[in-house]
Protein chains: 2
Amino acid sequence: MRLTKQRKLILHILQHTVAHPTATEIYDEVRKKLPNISLGTVYRNLDVLSRQGYVRKIDTCGDQNRFDGVTDDHLHIICTSCGKVRDVEGEIDVCADNIANLASGFKVTGFRFEVLGACQDCQNTF
Amino acid sequence: MRLTKQRKLILHILQHTVAHPTATEIYDEVRKKLPNISLGTVYRNLDVLSRQGYVRKIDTCGDQNRFDGVTDDHLHIICTSCGKVRDVEGEIDVCADNIANLASGFKVTGFRFEVLGACQDCQNTF
DNA sequence: CTATCTGCAAAACATTTGCTGAGCA
DNA sequence: TGCTCAGCAAATGTTTTGCAGATAG
């Protein structure tokens, strides 16, 4: 994997924000320094970077995907109104040890656990 | 909410399958009996029916959404390779009582917990 | 040098929407 | 009869892709 200036900048942005931005938000941010970058390049790099484990893709509820520069295991809370994502502080126990036996035929590879809610902005607006 | 023949048929299909079909799969099935139905009508009805609580929308990982005629609380396992969804048999405890305190600013409204895995077909193919 | 990457533009894909006429209640 | 709904087609928004030229290693 080559370290082009486009790729480096996208990675840098993701590692220096807590905002879990969308591809287009990253695109807007990158263009401040590289005005000629194309949205396709952003998507291609986000794909490569998440495939290689440098960033993480967050599948929000039907909205645009979001991306996270922090790849450690941690929980997200997703605003079901605007799609904004925030890290959940502290720890949560998700006990689901017995799943392996319950899904015959399937090979269980992991879980997806997300907290849903309404962010401050959306609580005030509606 | 009116009970048109289109709406009744879509609901009937969802209540008599375990396949968790996508909108287009439902469309193909409905067309066997109502060949002139449009895909837009299927989407509009799935939206109305899930809004009214008659069916449930399943947000799979980045693929087409799927729909479930069973609205009782139960868990799904999603194949990360082909997007197929299956019900998880039995019970799983997800203990996450302490979340409310951990998401300051957000109003917690619920959780999303899904099991990820590889279905039989995809295990054999790859 | 050369394989990978970029920019551009078009395509792909799921989903939504505006409009007009049809049909449930 | 009135108001919701259907069919059709076009629009939307996100993401992917083909291609020809640029560039990292």
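Here is a short report on the structure shown in this document.

Reading the values: rules and limits
- Residues numbered from 1 in each chain as written.
- Chains lettered and ligands numbered in written order.
- Predicted model: local features only at pLDDT ≥ 70, side-chain atom pairs only at ≥ 80, totals over all residues.
- Heavy atoms only, no water.
- Buried < 20%, exposed > 50% of the residue type's maximum accessible area, 1.4 Å probe, protein only.
- Helix = DSSP H or I, 4+ residues; strand = E, 2+ residues; numbered from the N terminus.
- Pairing = 2+ DSSP bridges.
- Salt bridge = Lys/Arg side-chain N within 4 Å of Asp/Glu carboxyl O.
- Contact = heavy atoms within 4.5 Å.
- Expected span 1.5 Å × (residues − 1).
- Arc of directions from axis to C-beta.
- Near = heavy atom within 4 Å.
- Nonpolar A, V, L, I, M, F, W, Y, C, P; charged D, E, K, R; others polar.

## Focus on the pairing of strand 3 (residues 76-79) of chain B
Residues and elements named next belong to chain B.
Reasoning step 1: Residues His76 and Ile78 point to one face of strand 3 and Ile77 and Cys79 to the other, with burial holding for every one of them.
Reasoning step 2: Pairing geometry for strand 3 and strand 4 (residues 85-87), over three bridges, is antiparallel. Across the sheet, residue His76 finds its bridge partner in strand 4, namely Asp87.
Reasoning step 3: Between strand 3 and strand 4, which pair antiparallel one after the other, the connecting turn spans five residues, and Gly83 there sits at a positive phi close to 85 degrees.
Reasoning step 4: In terms of strand pairing, strand 3 meets strand 5 (residues 107-118) through three bridges, oriented parallel. Note that in strand 5 the partner of Ile77 across the bridge is Val115.

## Considering the pattern of salt bridges
Reasoning step 1: This model, assessed by the stated rule, comprises 16 salt bridges over all chains.
Reasoning step 2: Arg51 of chain A is the salt-bridge partner of Asp47 of chain A, the closest N and O atoms lying 3.2 Å from each other. One end of the pair is Asp47 of chain A and the other is Arg51 of chain A, both in helix 3 (residues 39-51) and four residues apart, which spans about a single turn.
Reasoning step 3: We classify Asp47 of chain A as partly exposed; its relative accessible area is 32%.
Reasoning step 4: Among the residues examined, Arg51 of chain A registers a relative accessible area of 64% and is labelled exposed.
Reasoning step 5: The salt bridge involving Glu114 of chain B is made with Arg112 of chain A; its shortest N-O contact spans 2.4 Å. Of the two residues, Glu114 of chain B sits in strand 5 while Arg112 of chain A sits in strand 5 (residues 107-118), which places them in two different chains.
Reasoning step 6: One continuous salt-bridge network, built from bridges that share partners, spans Asp59 and Arg112 of chain A together with Glu114 of chain B.

## Focus on helix 1 (residues 5-15) of chain A
Reasoning step 1: Those residues of helix 1 of chain A not exposed but buried are Arg7, Leu9, Ile10, Leu11, Ile13 and Leu14 of chain A.
Reasoning step 2: In the core, the buried residues of helix 1 of chain A are packed alongside helix 2 (23-31), helix 3 and strand 2 (66-68) of chain A.

## Description of helix 3 of chain A
Residues and elements named next belong to chain A.
Reasoning step 1: Here helix 3 contains 13 residues, and its C-alpha end-to-end distance of 18 Å stays within 8% of the 18 Å for a straight helix at 1.5 Å per residue.
Reasoning step 2: What helix 3 keeps buried is the set Val42, Asn45, Leu46 and Leu49. Angularly, the buried residues of helix 3 cover 105 degrees about the axis, an arc narrow enough to put them on a single face. Of the exposed residues in helix 3, the ones pointing more than 90 degrees away from its buried face are Arg44 and Arg51.
Reasoning step 3: Of the surrounding secondary structure, the elements contacted by the buried residues of helix 3 are helix 1, helix 2 and strand 2.

## Examining the protein's contact with DNA strand C
Reasoning step 1: Contacts to DNA strand C come from 18 residues, most closely from Arg2, Thr4 and Arg7 of chain A together with Arg2 and Tyr43 of chain B.
Reasoning step 2: Here the atoms of DNA strand C within 4 Å of the protein split so that 62% fall in sugar or phosphate, with bases taking the remainder.
Reasoning step 3: Mapped by element, the contributors of at least two residues to the surface near DNA strand C are helix 1 and helix 3 of chain A together with helix 3 (39-51) of chain B.
Reasoning step 4: Partitioned by chemical class, the residues of the surface near DNA strand C number five nonpolar, eight polar and five charged.

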